[in-house]
Amino acid sequence: MTITTKVAAVSDIPSPDFSDLEGGDEQQAADIVRSVVAWYNTQLVAERRAPLPDDERIAELKEGRQAALDDQQRLESADPAETGRILSLYAARLKELKEP
């Protein structure tokens, strides 16, 4: 007796569409803002540990980090339009910050 098992190819499995689920933009916005805050934290640590820390750069980094933290808190009560605005703003900012 032979048992045959049919295995579906990966391309045969439909991709789930989560676009209508709650939390999509909210979670993306929170993740991106958190990534920007982390970038500022990393830069602050590096600048503070530099042989000759640049006080002006440290102040700019702190200001940028605080703005991101403020927006992160704003997300908690943001409506969908504000969430979308923050998401777009921080997606562009993260891209800009990571450019060499």
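Below: a short report on this structure. (Residues numbered from 1 in each chain as written. Predicted model: local features only at pLDDT ≥ 70, side-chain atom pairs only at ≥ 80, totals over all residues. Heavy atoms only, no water.)

### Remarks on the nonpolar core
A general tendency of soluble globular proteins is for nonpolar side chains to be buried together.
Here is step 1 of the chain: Grouped together as the largest cluster of nonpolar side chains are 18 residues, with contacts concentrated most on Val 33, Val 36, Tyr 40, Ala 68, Leu 75 and Tyr 90.
Here is step 2 of the chain: By residue number, the principal contributor to this core is helix H1 (residues 24-49), which donates nine residues.
Here is step 3 of the chain: Among residues more than four places away in sequence, those in contact with Val 33 are Ala 68, Gln 72, Leu 75, Ile 86 and Tyr 90. (Core = buried A, V, L, I, M, F, W, Y, C linked by side-chain atoms within 4.5 Å. Buried < 20%, exposed > 50% of the residue type's maximum accessible area, 1.4 Å probe, protein only. Helix = DSSP H or I, 4+ residues; strand = E, 2+ residues; numbered from the N terminus. Contact = heavy atoms within 4.5 Å.)

### What about the environment of Leu 75?
Here is step 1 of the chain: Within the element layout of this structure, Leu 75 appears in helix H2 (residues 55-75).
Here is step 2 of the chain: Given the relative accessible area of 13%, Leu 75 is considered buried.
Here is step 3 of the chain: In sequence terms Leu 75 and Ile 86 are 11 residues apart; their C-alpha atoms lie 7.9 Å from each other.

### Things to note about the pattern of salt bridges
Here is step 1 of the chain: What the rule picks out here adds up to four salt bridges.
Here is step 2 of the chain: Among the salt bridges present, the one from Arg 57 reaches Glu 47, with a minimum N-O distance of 3.4 Å. Here the residue Arg 57 occupies a position in helix H2, and Glu 47 occupies one in helix H1, the gap between them amounting to 10 residues.
Here is step 3 of the chain: Relative accessible area serves as the criterion here: at 13%, Glu 47 is assigned to the buried category.
Here is step 4 of the chain: Notably, a salt bridge pairs Glu 82 with Arg 85, separated by 3.0 Å at the nearest N-O pair. Pair noted here: Glu 82 and Arg 85 are both in helix H3 (residues 80-98), with a separation of three residues, about one helical turn.
Here is step 5 of the chain: By relative accessible area, which is 22% here, Glu 82 ends up partly exposed. (Salt bridge = Lys/Arg side-chain N within 4 Å of Asp/Glu carboxyl O.)

### Observations concerning the environment of Asp 79
Here is step 1 of the chain: With respect to the helices and strands, Asp 79 occurs in the loop between H2 and H3.
Here is step 2 of the chain: Along the primary structure Asp 79 and Glu 26 are separated by 53 residues, whereas in three dimensions their C-alpha atoms are 9.5 Å apart.
Here is step 3 of the chain: One polar contact links the side chain of Asp 79 to the main-chain amide nitrogen of Glu 82, over a distance of 2.7 Å. (Polar contact = N/O pair within 3.5 Å; in protein donor to acceptor, adjacent residues only side chain to side chain.)

### Quick look at the packing of aromatic side chains
The geometry of an aromatic ring pair is captured by two quantities: the separation of the ring centres and the angle between the planes.
Here is step 1 of the chain: Taken as a whole and judged by the stated rule, the model has one aromatic pair.
Here is step 2 of the chain: Judged by centre distance (5.1 Å) and plane angle (85 degrees), the ring pair of Trp 39 and Tyr 40 falls under edge-to-face. Like Tyr 40, Trp 39 is buried.
Here is step 3 of the chain: Of note, Arg 93 hangs over the ring of Tyr 90, and the distance from its end group to the ring centre comes to 4.7 Å. (Phe/Tyr/Trp six-rings, centres within 6.5 Å; stacked < 30°, edge-to-face > 60°. Lys NZ or Arg CZ within 6 Å of the ring centre and 35° of its normal.)

Scope: geometric values only; no functional claims are made or implied.
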